[in-house]
Amino acid sequence: MMKAAFVISVSATAFEAIAPAGDLEKNFALLARLGFEGVEIGVRDPALVEAERIRELAQKHGLAIAAIGTGQALVDEGLSFSDPDPAKRSAAIARVKKQLELGKKLAAQVIIGLIRGRGGVGESLEESRRRMLAALAECADYAEEIEAPGLLFEPINRYETRLVNSLEQGVALFKERRWPKVRLLADTFHMNIEDHDIAVSLRQAGKLLGHMHLADSNRLAPGQGHTDFGAILAALREIGYSGWLSAEIMPLPTPEEAARLTMDFLRRVL
Ligand code: LER
Ligand code: MN
């Protein structure tokens, strides 16, 4: 059975496709009331959040922490795995290790999305890619060492990064090498821009698929654009996907209404 989650931020951030950091308790209560089983949290820096409070609040409202997003460290601080500056690169790796420690406390996987960097800034794309893979390997080893739930690598569209845009390219990455603690995150918003056929790519990902971000073609709640979610859900059922369907959408017309529209849609299709 696939499970419904909704992405919120617990830090103030410039990233827009996410419900804003507000009163955590109020957000958790709303999502639980609407029928969500999980909440995915965007965290800029684990040093600035109270893990225990998040764990207790989630428990109180019967919610699991579906995953931890890390991209705010790039958007708001410019930290990335592929930065040519070794100091910034190490800071990004250290940050993800802290996220893995938080993930262990919250039983949540940690997302490697934008924190890999934009790619090809001030050096060749090949060099950026090499740095990104080295950092990913180091964090995957750390996840194993501390027995954290693991990492989710997310292909992201060309307007945000040049490093791994389609799920097809994400799958290809795992043909070159495999990290036991890393799986793929498929985001339907990015796939709508990058993949030849979303359902075909999901079938190719198969057991490598560890998490889903749902957003319609316009990054609004599923059902508010023209993405064919019927074909997507059929492919997910075919590959036996039983993880999260986590809505990462613009908080429009209001965060509450976006969450309600998402849940109405998920109830209809699940
Ligand atoms: C993060 O999950 C994502 O989808 C990216 O668009 C972040 O910019
Ligand atoms: Mn995403």
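The structure under discussion appears in the preceding block.
Residues numbered from 1 in each chain as written. Chains lettered and ligands numbered in written order. Predicted model: local features only at pLDDT ≥ 70, side-chain atom pairs only at ≥ 80, totals over all residues. Heavy atoms only, no water.

Participant: For this particular structure, what's the right way to read the overall build of the chain?
Facilitator: Scanning the chain from N- to C-terminus turns up 10 helices and 8 strands. Over its C-alpha trace the chain gives a radius of gyration of 17 Å, about what one expects of a compact globule, namely 18 Å for 270 residues. Seen along its three principal axes, the alpha-carbon backbone of the chain occupies a region of about 45 × 40 × 30 Å. Here the chain holds 270 residues, and 57% of them are scored as buried. Surface summary for the chain: the accessible area is close to 11,200 Å², and the carbon and sulfur share equals 50%. Of the side chains in the chain, 33 bear a positive and 37 a negative charge, and the two mean positions are spaced by 2 Å. (Helix = DSSP H or I, 4+ residues; strand = E, 2+ residues; numbered from the N terminus. Rg over C-alpha atoms; globule rule 2.2 N^0.38 Å. Buried < 20%, exposed > 50% of the residue type's maximum accessible area, 1.4 Å probe, protein only. Areas by Shrake-Rupley, 256 points an atom, 1.4 Å probe, with all protein chains shown as cover. Lys, Arg positive; Asp, Glu negative; His and termini not counted. Charge placed at Lys NZ, Arg CZ, Asp CG, Glu CD.)

Participant: Is there a simple way to think about the coordination of the manganese ion (ligand 2) in this case?
Facilitator: A four-donor tetrahedral metal ideally has 109.5 degree angles, and a six-donor octahedral metal ideally has angles of 90 or 180 degrees. Every protein donor of the manganese ion (ligand 2) is listed here as Glu154 (OE), Asp187 (OD), His213 (ND1) and Glu248 (OE), and their distances to the metal cover 2.1 to 2.2 Å. Seen from the manganese ion (ligand 2), its 6 donor atoms lie at angles of 71 to 179°, and the figure they make is octahedral. Read in sequence order, the donor residues coordinating the manganese ion (ligand 2) give the pattern E-x32-D-x25-H-x34-E. Placement of the pair is His213 in strand β7 (residues 209–214) and Glu248 in the loop between β8 (244–247) and α10 (255–269), with a sequence separation of 35 residues. When its relative accessible area of 8% is taken as the criterion, Glu248 is described as buried. (Donors = N, O, S within 2.8 Å, 3.2 Å for Na, K, Ca; no water. Tetrahedral: all angles 85-135°; square planar, octahedral: opposite > 155°, others 65-115°.)

Participant: Please clarify how the pattern of salt bridges should be interpreted in this entry.
Facilitator: Close approach of charged atoms lets side chains of opposite charge pair. Applying the stated criterion to the full structure yields 17 salt bridges. The shortest N-O distance in the salt bridge between Glu127 and Arg130 comes to 2.6 Å. Separated by 3 residues within a single helix, Glu127 and Arg130 lie in helix α5 (residues 125–146), roughly one turn from each other. Given a relative accessible area of 25%, Glu127 falls into the partly exposed group. Note that Asp264 is salt-bridged to Arg260, the shortest N-O span being 2.7 Å. Separated by 4 residues within a single helix, Asp264 and Arg260 lie in helix α10, roughly one turn from each other. Each member of the salt-bridge network shares a partner with another, and the members are Arg44, Asp45, Glu77 and Arg95. (Salt bridge = Lys/Arg side-chain N within 4 Å of Asp/Glu carboxyl O.)

Participant: How do you make sense of helix α2 (residues 51–60) when you look at a structure like this?
Facilitator: A turn of α-helix holds 3.6 residues, and therefore any two residues three or four places apart point the same way. When we look at burial in α2, the residues that qualify are Ala51, Ile54, Leu57 and Ala58. Seen end-on, α2 carries its buried residues on one side only, within an arc spanning 135°. For α2, exposure combined with an orientation more than 90 degrees from the buried face picks out Gln59 and Lys60. Contact partners of the buried residues in α2: α1 (24–34), β2 (38–42), β3 (64–69) and α4 (86–106). (Arc of directions from axis to C-beta. Contact = heavy atoms within 4.5 Å.)

Participant: Would you take a moment to explain the site of ligand 1 for this structure?
Facilitator: Every residue lining ligand 1 is accounted for by Phe15, Leu114, Glu154, Ile156, Glu160, Asp187, His190, His213, Arg219 and Glu248. One of the side-chain nitrogen or oxygen atoms of Glu154 is found 2.7 Å away from an oxygen atom of ligand 1. Note that an oxygen atom of ligand 1 is positioned 3.0 Å from one of the side-chain N or O atoms of Asp187. Taking 260 Å² as the accessible area of ligand 1 by itself, protein coverage stands at 92%. (Near = heavy atom within 4 Å. Polar contact = N/O pair within 3.5 Å; in protein donor to acceptor, adjacent residues only side chain to side chain.)

Participant: Even after reading the chapter, I still don't get the pairing of strand β1 (residues 3–9), so can you show me in this structure?
Facilitator: Residues in a regular strand point their side chains to alternate faces of the sheet. With 6 of 7 residues buried, β1 is to be regarded as a mostly interior element. Direction of pairing for β1 relative to β8: parallel, over a ladder of 4 bridges. For Lys3, the partnering residue across the bridge sits in β8 and is Trp244. Taken together, the 5 bridges between β1 and β2 define a ladder with parallel strand orientation. Each residue of the ladder has a partner; that of Val7, found in β2, is Glu40. Between the parallel pair β1 and β2, the chain is carried across by α1, and the sense of this crossover is right-handed. (Pairing = 2+ DSSP bridges. Right-handed = clockwise from strand over helix to strand, strands pointing away.)

Participant: For this particular structure, what's the right way to read the side chain of Thr161?
Facilitator: Position of Thr161 relative to the elements: it lies in the loop between β5 (151–153) and α6 (167–176). Of the residues examined, Thr161 reaches a relative accessible area of 2% and is grouped as buried. Reaching out from Thr161, the side chain makes a polar contact with the backbone oxygen of Arg118 at a distance of 3.2 Å. A polar contact is formed between the side chain of Thr161 and the backbone nitrogen of Leu163, at a distance of 3.0 Å. Other than its neighbours up to four places away in sequence, Thr161 contacts Arg116, Gly117, Arg118, Gly119 and Ile156.

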